[in-house]
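# Observations on the model geometry
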Amino acid sequence: MRRYRHTPAFLTLPFVFGVGVLTWLAMLASLAIIACIILAPAAASLHEARVQRNGLRASLAMLNEKISQDRLLLHLVATNPVILQRLADRQLDVVNPDEQVLPLGRIAQPRDVQSLIDETLKPVQPAPVRPIPWYLVPALNPVTRTPLILVAICGLVFAFLLDVRQVKPSE
């Protein structure tokens, strides 16, 4: 039975790290840089759209809460005439002769019903949005965008020049 000698692994290393591997690495790195340059503006637009969407959702939540407070106030006013009288007195700044007013010496606040409703609203914060990935940020900056394009083009040229082979003309 014939036995084959096992080739040591260190003899195969030059083939693994040969010119072909360098060519592919340079080409893939250049294509990755070009992809970042192309995708960065779209990622920035998507980020801004998500921020705007979350802001509009927060505004909608605030308006829905305001509508529910308005409905509650309308229900209370329709069922209780005392509350209706107190709201009218508040808005017209009328002091009931049966009540004693204690002057506090503070800045006068609006006396309309809407300000009363606004005081009861809870502030709504928009949901936070993940920032743009760190590897796309340099591609957004106009100062670094041009050098990145040049590096990508040089990488493609380098990959091409490494892989150029001498072709023998056929006879």
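Because the structure is predicted, anything quoted here is derived from the model rather than measured.

A word on the overall build of the chain. Looking only at helices and strands, one finds six helices and zero strands in the chain. With 171 residues in all, the chain has 15% of them scored as buried. Looking at the chain as shown, the accessible area adds up to about 14,500 Å², and 66% of this sits on carbon and sulfur atoms.

All right, on to the packing of aromatic side chains then. Inspection of every chain in the model, using the stated rule, returns one aromatic pair. Ring centres of Trp134 and Tyr135 lie 5.6 Å apart, and the angle between their planes is 90°; on these two criteria the pair is classed as edge-to-face. For Trp134, a relative accessible area of 71% gives the class exposed.

A separate point is the packing of helix H2 (residues 19-79) against helix H6 (residues 142-163). For the pair H2 and H6, interaxial distance at closest approach is 8 Å and the crossing angle is 155°. Our classification of the angle between H2 and H6 gives roughly antiparallel. The element H2 and its partner H6 pack so that their crossing is left-handed. When H2 is examined against H6, the residues Val19, Leu22, Thr23, Ala26, Met27, Ser30, Leu31, Ile33, Ile34, Ile37 and Pro41 are found in contact with a partner set consisting of Arg145, Leu148, Ile149, Val151, Ala152, Gly155, Leu156, Phe158, Ala159, Leu162 and Asp163. Considered class by class, the residues forming the contact of H2 with H6 number 17 nonpolar, three polar and two charged.

Here H2 contains 61 residues, and its C-alpha end-to-end distance of 87 Å stays within 8% of the 90 Å for a straight helix at 1.5 Å per residue. Remark: the principal bend of H2, roughly 35°, maps to Leu39, with a proline, Pro41, within the next four residues.

Turning our eyes to something else, we now look at helix H3 (residues 81-92). Its 12 residues place the ends of H3 16 Å apart at the C-alpha level, agreeing with the 16 Å of an ideal helix rising 1.5 Å per residue. Regarding H3, the residues found buried are Leu87, Asp89 and Arg90. Buried residues along H3 cover an arc of 160° about the axis, so they all sit on one side. Exposed and oriented more than 90 degrees from the buried face of H3 are Pro81 and Leu92. Two to three positions downstream of the cap, the backbone nitrogen of Val82 sits 3.1 Å from a side-chain oxygen, assigning the N-cap of H3 to Asn80.

Calculation rules
Residues numbered from 1 in each chain as written. Predicted model: local features only at pLDDT ≥ 70, side-chain atom pairs only at ≥ 80, totals over all residues. Heavy atoms only, no water. Helix = DSSP H or I, 4+ residues; strand = E, 2+ residues; numbered from the N terminus. Buried < 20%, exposed > 50% of the residue type's maximum accessible area, 1.4 Å probe, protein only. Areas by Shrake-Rupley, 256 points an atom, 1.4 Å probe, with all protein chains shown as cover. Phe/Tyr/Trp six-rings, centres within 6.5 Å; stacked < 30°, edge-to-face > 60°. Axes fitted to C-alpha atoms, helices over the stretch in contact; angles between N-to-C directions. Parallel < 35°, antiparallel > 145°, perpendicular 65-115°, else oblique. Left-handed = near helix turned anticlockwise from the far one by under 90°. Contact = heavy atoms within 4.5 Å. Nonpolar A, V, L, I, M, F, W, Y, C, P; charged D, E, K, R; others polar. Expected span 1.5 Å × (residues − 1). Bend = angle between axes of the 7 residues up to and from the residue. Arc of directions from axis to C-beta. Polar contact = N/O pair within 3.5 Å; in protein donor to acceptor, adjacent residues only side chain to side chain.

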